[in-house]
Structures are given as structure tokens and as C-alpha cells.
Amino acid sequence: MTDLSGWGGFPSHPATLANPVTQADLARAIADGAVIARGNGRAYGDSAIGLRKTVQMHGLNHMISFDRQSGFLVAEAGVLLRDVITAFLPHGWFPPVTPGTKFVTLGGMIAADVHGKNHHKDGSFRNFVDWLDVMDASGVVHHCNRTQNAQLFEWTIGGMGLTGVILRAGIRLRPVPSAWIRQTSQALPNLDAVITAFEGADAATYSVAWIDCVSRGASLGRSILMLGEHATPDELSDDAARYPFEIPDKTKRTVPFSMPFSLLNSLSVRAFNGLYYWNGRRNAGISFVDYDTYFYPLDAILGWNKIYGRRGFMQFQCVLPLETARDGLRALLKTTSLAGAGSFLAVLKRFGPQDSAFSFPMLGYTLALDFPATPGMIALMRKLDQITLDHQGRFYLAKDSRMAPDTLHASDPRAAQFKQMRQEFGATDAFQSKQSERLFL
Amino acid sequence: MSKGTMLLLGAKSDIGRAVAHRFAAAGYDIQLAARDSDTLEATKTDLALRHNIAVTTHDFDVLQTDTHAGFVDALPALPDIVVCAIGLMGDQIANEQDFEAATRVMRSTYEGPAHILGLLANRFDARGAGQIVGISSVAGNRGRAKNYVYGSAKAGFTAYLSGLRNRMAKRGIHVLTVLPGFVNTQMTAGMDLPEKLTAEPEEVANAIFNGLRKGRNIIYVRSIWFVIMTIIGSIPERIFKKMNI
């Protein structure tokens, strides 16, 4: 028994671990039920802590095949996204959708159906998954895709590991002309301006905004909007153009922003948010950024999740439909800034349409905030839950660590259907996480 | 472009697999050797895809010493580096009671590895270049009641590597002895190992790669093990024999 938590470090539960390295090991590990598969533990809360046992998937991490012509990759679920990039970016292929860290497994990306800065254009990771092999409670492996075992395929993507264990997958990478991104950033004085800017930027491949969630009044929601395109070699400097798929050594690269504070408190968060905004405003315009700095700025600060100290932290991420987004976001930001809680990292992103069984995204705006894991912040997050419900929004399970079951079920009628499907797959007792128990899934 | 070729003996072990990935990442082509080499196919494909290098698999049984020369002859190329990650711990109680079990541990851990490395050393010598890595164990530093059958075989292997290094040093061939201490592997699964003393297989692989580069002779993967083994080694036998460690 060791204490296990998610990336936020909260909550922490005593856990029994299994480390299968073969399919037979895996079948044995799940045989007694109430287990959940765990990838690289980057879900923030208790998604990947098993009720009885947690099955770590890093031993099942073989790459099985790759077609350099089409970019089609077959790999085991434990393969890290970082390793996919390392292996195939030199040949001109990049993940079609990537979350904000490359330290996730393919299995985890599918289970959470992750989204990236290109969701408004390309949708979630699901759109690039052609097939899955899923192990059921009795150890039988089912091959599934959009026509064969289609139900299992659809509910497993975004199913948080609760329909079975994802063993391997066939996914399509995207061709890219270089390892660099042409970034255009823009400072926007308030929430209305940033939404207007997002609506005008639907042609951009990547878009994301960092929101200063401390500012109030007329500056409420002031943001730095960052758009990105894959850069072609002729846009790059001579050195970079000669080796377009190489990026400077990590040790030589400057950390995207330094950590000037030893303690996160309302003062330092306020100062940081202000600095970040003014710095972004000063540096507005076009710049060329390597993929690692652009997509994974926090990966460069190893263990950044520790900045909140031992108590850990929580993430709040919701999505609001387009119609209610303006009002809803304003209410969420106002409540946060009035509480003086100012999140260290606040991210706003426009989502495009999404068609899937139980995935998080939907057409609208998603806001992500983080807070220290204290009773006061839990109370604040309950208020944010209510605002989200009032605006017909829903919540990202990969970020959740403390939501009430009523909140989830009120926000998302698909939850009841998901529960039903779990029953049909014979997965209800077999696959259970601390989160699924808490949320009555 | 290939940096050279590394032959890995014991390609199914966790340390072996990590070593293969470390050298492949640095651009070495890899020869994977183990019993039932068809089970190495997944590892082979994985290595080749991740690192864009050439990988071959070879049947090798460390106990069949009469086949060792044929095994080396059949390799597509004499490797630049050989890493031996073969060893068998067995069960100490069984080793005490069952002569055959003990013999198997001794032969798998000492006789077989020594034999194949000696043979490769001669080939390297004839060519005039080569690097040899033997993964031994701190268990060989002093015999303990808990695992002295395995420990004695590792002691033999460590002494063999030391002698081989002494002989080959004048011939331009380097021998590296690795004493990993506790490692988090299938061999130790279920044992309650202290976290600070337990290395991950990747850590061992890194230590081997860097140790070879720096021309080190003997490495403890975590330096605390040097301290521990120095202390254990200095306890007088009249006290040591009554201890339970």
C-alpha cells in the first residue's frame, strides 16, 4: 500500500498497485474487479486511483507499427506522447491533438478524450483514433472501431477507463512542415474583446487565451490571446531551416516564465497575473516558438505541481455553450476575483462542435482555473459549479477531484446513459475508480 | 547513422530492455539475445520504431556453453559493445535444499556469463577493440544467509570481470563492472524495498551508458550503495556471522 494521488496531489488515497508487463499479467491484475488503469498519473484528481487496485500501464508501452507515408501509428496504451513526438517528429509527423503536457500516455489521452488548442478546428483526440483493443473484465480483448463493436469504441473514448482497459490503439498523426510554431499574440483589455477576437480567429490552427483572473471591473477577463500555425522552413532562420525538425537543447532554452515567488498567496498571484499580462502586451506580435515551448511550457518546469505545497491543488474546468458563454464566463470570473482567489493559471479556449458519447468538449468556451486544495477554495468551486449549471455547462472529469455527484448528473444527462452502458459491458463492478465511486458512475 | 553495435545478453530482463533503449537512443544498432528469441519481436519492433536504428534478435542460452562459439559466429557483425544482463536469483531456501536448483543459479549467474564474456573478449582482442559490461551485484560483495548461493555466484562473476579487466587493460579493451544494488524489476516484484536505495531500470541503463563513456571500472548505480557495502564489508566476521541482514 502506498499513498496515491493525481497530478494535483489532492486527494490522496492508500492504493494497491499492479505493474503488468504482458497481456496475461494484465488479465490477472484485473480479475478480482474494482480496478482502474492508470497511465502517467496526469489526471488532476482521483480518476486514476482504483477502488481496490490501480493497474499501472507503463509496462505495456510497445510501439507496434508506423507507416511513414500515411502517419498511421499502432501502439500500446502505455506509450508516452513524448516518445511519439521524439520518434516521429524527425520524420515530419506530430500528434494531431495534444493536451498541455507531453507526459501523458496514449491510453490516458483516449480515456479522457483530450482536446488541444486546435479543438475549434479539428475536434478532440477521438477524431484521430481509428480503432482500439479493449480488455474486458474477464480478460477478453475486443477489437473495436466505428463499425465493429461501435458502442464499446464510442463509450471507451472519454470513458475514463470505466468501460475496460485500453490495450492498444491505431491513431493518425498529422504531417507538419517543421518543429516550429508561428505564434501571433495579442493583448485584449477585457472579456468581450477576447471573445470577439476568438470568434474572428476561427481560421487559426491553434488558439488559446491566458486570462488574468485577478483583474476586475472594466478589465475583467483581460487576456493574452495566442494563435499558432505550423511554421514552414522558409519562414525560419537559416539555422532552423536547415534542420527544421530539430529544436534547441532543452538546457539552453529559457524557461517560458520564471517562478519569482516562493509562496503562492493572493499577493503573489496578483503580481504574477499583472506581470504576465503586461509582459504579453509588450511582446505582442509574431514570434517563432519551438513546439515544446509552445505546447508544453509547464513541462519545462519539472514538478510545477509542487508549487502549491503539500496540501496540493485542484483544477476547475468547465465548458459553456456558445449562447451562454459571455454571461457565464463573466459570472465565473467575477466570482473568482471577488473571492480574491485568483488562480495562478487561467486558460480560456474556444471549442468547436463535438459529436461523441461521453467526451467533455462541446461547442462553446472552456475555462480552466486552479486553486489550492483548501476548504475555502472548495466552497468557491461549489459556487462555480452552480454558475456552470445555471448556464447549461458541463465539467471535465480529468480535472475533477471534488465534484458532488448531483452536480455531474445535473450537468450531463449522458452520465445516466454512460452508467447504463457500463452495465451492458459488464464493467460496472470490474472497473471502478475513486472518482467513479464518488460521482456514482 | 549508426554509432556502432551493442549486443545485449539477457534481452528479456527489465534492466536489459532499459539498456537496449538507452543505447538505441544514442544511435547504436542493437543485437538482442535471449532464450526463445521469437518472444523478442515486440521489443525489436518497438526499439526500431522509436530510435530509427537496426535491431536483430538471436537465440542464446547461457547454460548451453557449447553453443556459445556458434552463437558469436552467427551474429551479423561482431559487436562494439557487449552488455551481459543475465543472472538467476532463485529461491534461497530451495537453493539450500535442492542441489540442482543451486547449480542452476550458480551456472546461470557465474559460469555461463563468464564463459560468453571470455569468449567475446578473445574476439575483441583479435580485432583490437571492444567494450564489455558485466552486470554483477552487491550481493557478491559479502555472503549473507539470505542469498549466499546467488551472492557467491555474483562474487565469482565480479572477480572474473576484475581479472578480465586487468588482462584486457593492456590490450585496449575496457571492462565495466556494474553493481546496481536494489532495482525495481520483475525479479524484485513483491519485495518491500526501501525507496531511497532502489533504482529504476532506466537509471541503471543511464549509469552504464555514462560509465562506459567515462571509462569507469566499477560503478554502483546509486552511490549510497558504495557506502553501505563498505560498512557491511568492514564488519568483523565474528560479529557479522551473528547478524541478520
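As the structure is a computational prediction, the values presented were derived from the model and not from experiment.

Draft legend 1. Representation of the overall build of chain A. When helices and strands are counted, chain A shows 14 helices and 20 strands. Computed over its C-alpha atoms, the radius of gyration of chain A comes to 21 Å, within 12% of the 22 Å expected for a compact globule of 441 residues. Across the 441 residues that make up chain A, the buried fraction comes to 61%. Taking all contacts inside chain A whose residues are at least 6 apart in sequence as the whole, residues at least 24 apart take part in 73%. For chain A, the computed accessible surface area is about 17200 Å², with 54% contributed by carbon and sulfur atoms. Within chain A, the 39 negative side-chain charges are centred at a point lying 6 Å from the centre of the 43 positive side-chain charges.

Draft legend 2. Focus on the overall build of chain B. The helix and strand inventory of chain B stands at nine helices and nine strands. Here the C-alpha radius of gyration of chain B, 18 Å, is about what a compact globule of 245 residues would show, namely 18 Å. Dimensions of chain B, computed from C-alpha atoms along their principal axes, come out at roughly 55 × 40 × 35 Å. Accessible area for chain B stands at about 11700 Å²; split by element, carbon and sulfur atoms hold 53% of it. Of the side-chain charges in chain B, 27 are positive and 23 negative, and the distance between the mean point of each set is 10 Å.

Draft legend 3. View of the domain arrangement of chain A. All names here are of chain A. Domains assigned within chain A are domain 1 (2-56) and domain 2 (63-175). Here domain 1 and domain 2 have C-alpha centroids that lie 20 Å from each other. Taken together, the contacts link ten residues of domain 1 with 16 residues of domain 2. Between domain 1 and domain 2 the total buried area reaches about 1000 Å² when both faces are included, carbon and sulfur atoms providing 70% of it.

Draft legend 4. Fine view of the sheet that holds strand E17 (residues 313-321) of chain A. Residue and element names in this part refer to chain A. One open sheet holds the eight strands; their spatial order is E16-E13-E15-E14-E18-E19-E17-E20, and the pairing between them is antiparallel. The sheet terminates laterally at strand E16 (285-290) and strand E20 (394-395), the two strands that pair on one side only. Pairing of strand E13 (residues 180-188) with E16, which is carried by six bridges, proceeds in the antiparallel orientation. Residue pairing across strands places Gln183 opposite Ser287, the latter belonging to E16. Contacting E13, strand E14 (206-211), strand E15 (223-230), strand E18 (347-351) and strand E19 (364-372), helix H6 (residues 191-199) crosses the sheet at an angle of about 40° to E18.

Draft legend 5. Just the pairing of strand E7 (residues 72-76) of chain A, in detail. All names here are of chain A. For E7, the buried fraction is high: four of the five residues fall into the buried class. As paired elements, strand E6 (residues 63-67) and E7 share four bridges and run antiparallel to each other. Bridged to Ser65 within E7 is Val74. Sheet analysis places E7 next to strand E11 (residues 165-172), joined by five bridges and oriented antiparallel. Each residue of the ladder has a partner; that of Phe72, found in E11, is Arg172.

Draft legend 6. Spotlight on the packing of H6 of chain A against helix H10 (residues 322-338) of chain A. All names here are of chain A. One can describe the packing of H6 onto H10 by two numbers: an axis separation of 11 Å at closest approach and a directional angle of 145°. The handedness of the crossing between H6 and H10 is right-handed. The segment H6 lies against H10, with Leu191, Asp192, Ile195, Thr196 and Glu199 engaging Leu322, Arg326, Leu329, Arg330 and Leu333. Residue composition of the contact of H6 with H10, grouped by class: five nonpolar, one polar and four charged.

Draft legend 7. Broad picture of the nonpolar core. Phe88, Leu132, Leu329, Leu348 and Phe371 of chain A are the most contacted members of the largest nonpolar core, which has 120 residues in total. Both of domain 1 (2-56) and domain 2 (63-175) of chain A provide at least three residues apiece to this core. Residues within four places of Leu132 of chain A in sequence aside, it is in contact with Ile110, His142, His143, Cys144, Phe153, Thr156, Ile157, Ile166, Arg168 and Ala169 of chain A. In terms of nonpolar packing, the next biggest core, distinct from the first, is built from 35 residues, Leu8, Tyr28, Ala205 and Leu212 of chain B among them.

Draft legend 8. Inspection of the interface of chain B and chain A at higher detail. Residue-level contacts link nine residues of chain B with 14 residues of chain A. Between chain B and chain A the total buried area reaches about 900 Å² when both faces are included, carbon and sulfur atoms providing 47% of it. Considering only the surface of chain B that becomes buried against chain A, Arg17, Leu49 and Arg50 of chain B emerge as the three largest contributors, covering 64% of it. Our count for the chain B to chain A interface comes out at one salt bridge. The partner of Arg50 of chain B in a salt bridge is Asp83 of chain A, and the shortest N-O contact between them spans 2.7 Å.

Draft legend 9. Inspection of the environment of Cys318 of chain A at higher detail. Position of Cys318 of chain A relative to the elements: it lies in strand E17. Each C-alpha atom of the pair Cys318 of chain A and Leu397 of chain A lies 9.5 Å from the other, and the pair is 79 residues apart in sequence.

Draft legend 10. Main features of a negative patch on the surface. Taken together, Asp36, Asp38, Glu41 and Asp59 of chain B make up a surface patch of like negative charges. If you trace the backbone, Asp36 of chain B turns up in the loop between strand E2 (29-34) and helix H2 (41-51).

Draft legend 11. Just the sheet that holds strand E5 (residues 130-135) of chain B, in detail. All names here are of chain B. As summarised here, the arrangement of the seven strands in space is E3-E2-E1-E4-E5-E6-E9, forming an open sheet in which the pairing is parallel. Each edge of the sheet is formed by a strand with only one pairing partner; in this case those strands are strand E3 (55-59) and strand E9 (218-220). Shown here is a sheet whose adjacent strand axes are inclined to one another by a mean of 15°, direction ignored. Pairing analysis gives six bridges linking E5 to strand E6 (residues 173-179), with the strands arranged parallel. Bridge pairing in E6 links Ile135 to Val178. Against the sheet, helix H1 (residues 14-25) contacts strand E1 (5-9), E2, strand E4 (81-84) and E5, and its axis sits at roughly 175° relative to E1.

Draft legend 12. Main features of the pattern of salt bridges. Residue and element names in this part refer to chain A. Under the criterion given, the structure shown has 26 salt bridges over all chains. Ionic pairing is found between Asp122 and Arg174, a salt bridge with its closest N-O pair at 3.3 Å. Placement of the pair is Asp122 in helix H4 (residues 119-122) and Arg174 in strand E12 (residues 174-175), with a sequence separation of 52 residues. Across the pair Asp400 and Arg438 runs a salt bridge, and its minimum N-O distance is 2.8 Å. Placement of the pair is Asp400 in the loop between E20 and helix H12 (405-411) and Arg438 in helix H14 (residues 434-438), with a sequence separation of 38 residues. As far as burial versus exposure is concerned, Asp400 and Arg438 are alike and both buried.

Draft legend 13. The arrangement of unusual backbone geometry in detail. Here Phe10 of chain A and Pro11 of chain A are connected by a cis peptide whose omega angle stands at -5°. By secondary structure assignment, the location of Pro11 of chain A is in the loop between strand E1 (2-5) and strand E2 (12-15). Its identity is not glycine, yet Asp36 of chain B carries a phi of approximately 45°, on the positive side. On the basis of relative accessible area, Asp36 of chain B is assigned to the partly exposed category, the value being 49%.

Scoring rules and cut-offs
Residues numbered from 1 in each chain as written. Chains lettered and ligands numbered in written order. Predicted model: local features only at pLDDT ≥ 70, side-chain atom pairs only at ≥ 80, totals over all residues. Heavy atoms only, no water. Helix = DSSP H or I, 4+ residues; strand = E, 2+ residues; numbered from the N terminus. Rg over C-alpha atoms; globule rule 2.2 N^0.38 Å. Buried < 20%, exposed > 50% of the residue type's maximum accessible area, 1.4 Å probe, protein only. Contact = heavy atoms within 4.5 Å. Areas by Shrake-Rupley, 256 points an atom, 1.4 Å probe, with all protein chains shown as cover. Lys, Arg positive; Asp, Glu negative; His and termini not counted. Charge placed at Lys NZ, Arg CZ, Asp CG, Glu CD. Domains from an automatic or database assignment. Buried area = accessible area lost by both parts, 1.4 Å probe. Pairing = 2+ DSSP bridges. Axes fitted to C-alpha atoms, helices over the stretch in contact; angles between N-to-C directions. Left-handed = near helix turned anticlockwise from the far one by under 90°. Nonpolar A, V, L, I, M, F, W, Y, C, P; charged D, E, K, R; others polar. Core = buried A, V, L, I, M, F, W, Y, C linked by side-chain atoms within 4.5 Å. Salt bridge = Lys/Arg side-chain N within 4 Å of Asp/Glu carboxyl O. Patch = residues over 30% accessible without salt bridge, like charges linked within 9 Å, V, L, I, M, F, W, Y side chains within 5 Å.

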